[in-house]
Amino acid sequence: MNRSYQQPVNLAIDIGGKAVGNVGFTIKEDIYRHNAEIGYWLGEAHWGQGIMTEVLPAMVNYIFVNFQVNRLFGCVLEGNKVSMRVLEQAGFRAEAILKKAAIKNNQYLDEHIFALLREEFVARQGSISMAGKQ
Ligand SMILES: CC(C)(COP(=O)(O)OP(=O)(O)OC[C@H]1O[C@@H](n2cnc3c(N)ncnc32)[C@H](O)[C@@H]1OP(=O)(O)O)[C@@H](O)C(=O)NCCC(=O)NCCS
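What comes next concerns the included structure.

Parameters and conventions
Residues numbered from 1 in each chain as written. Predicted model: local features only at pLDDT ≥ 70, side-chain atom pairs only at ≥ 80, totals over all residues. Near = placed C-beta within 6 Å. Helix = DSSP H or I, 4+ residues; strand = E, 2+ residues; numbered from the N terminus. Nonpolar A, V, L, I, M, F, W, Y, C, P; charged D, E, K, R; others polar. Buried ≥ 20, exposed ≤ 12 C-beta atoms within 10 Å, placed from the backbone. Contact = placed C-beta atoms within 7 Å. Expected span 1.5 Å × (residues − 1). Arc of directions from axis to C-beta. Pairing = 2+ DSSP bridges. Right-handed = clockwise from strand over helix to strand, strands pointing away.

## A few points about the site of the ligand
By nearness alone, 17 residues border the ligand, and Leu42, Trp47, Ile51, Met52 and Thr53 come closest of all. Counting residues per element, the ones that place at least two in the shell around the ligand are β3 (35-42), α1 (51-66) and α2 (81-89). Broken down by element, the residue count for the shell around the ligand peaks at five residues, all from α2. Taken together, the residues that form the shell around the ligand break down as nine nonpolar, seven polar and one charged.

Structure (structure tokens):
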């Protein structure tokens, strides 16, 4: 069974005792059961202060340590460069573009898929700790 039922999958981002955003994930089912999709948002007043850049790697670590997930991915609508940057900084690579997959304000938008495999996460952890030792 691919679920660590004791562990939450949705966490609030707490700043000074106030919930200012959210980061969560959903584990897929059946043949996709080792995939998880990550999602996040932050109240506008807190944008651009490096918060999600700090939060996302912590969440990625939490997921790979506590859940039987082999592939973690995030979906970003075209134009959301900041969100793409946050994912890339957490080790995700741009994997695919689903052309006109979404509709928003009556306009079709491309969806950019970013993914991080467990083996990439492990390799990244190694290079981070190696860099720390130098
Ligand atoms: C996307 C979101 C989570 C980013 O969180 P954040 O804490 O503001 O992001 P950070 O401050 O960590 O910035 C991430 C990177 O984007 C850059 N950035 C931030 N604001 C920017 C802006 N307005 N223009 C260009 N770059 C910007 C930062 O400089 C940083 O890059 P760097 O480390 O190379 O300098 C937040 O803007 C948000 O909640 N947006 C609405 C919901 C949303 O889009 N969720 C994601 C759906 S996929």
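## A short note on the environment of Asn22
Its place among the elements puts Asn22 in strand β2 (residues 18-27). C-beta crowding within 10 Å serves as the criterion here: with 15 such atoms nearby, Asn22 is assigned to the partly exposed category. Taking C-alpha positions, Asn22 is 5.8 Å from Leu11, a pair spaced eleven residues apart along the chain. Leaving out residues up to four positions away in the same chain, Asn22 has contacts with Asn10, Ala12, Ile13, Tyr40 and Trp41.

## Observations regarding α1
In a regular helix each residue adds 1.5 Å, so 16 residues correspond to 22 Å; α1 covers 23 Å between its end C-alpha atoms and thus fits that length. Within α1, the full set of buried residues consists of Met52, Leu56, Val60 and Ile63. Seen along its axis, α1 keeps its buried residues to an arc of 75 degrees; they face one direction. Along α1, the residues that are exposed and aim more than 90 degrees away from the buried face are Ala58 and Val65.

## Remarks on the pairing of β3
Across seven bridges, β2 lies against β3 in antiparallel orientation. Looking at β3, one finds that Val23 is bridged to Tyr40. Two strands pair when backbone bridges link them, and β3 and strand β4 (residues 71-77) are joined in this way by three bridges, in the parallel orientation. Counterpart to Glu37 in the pairing with β4 is Phe73. In terms of handedness, the path from β3 via α1 over to β4 forms a crossover that is right-handed.

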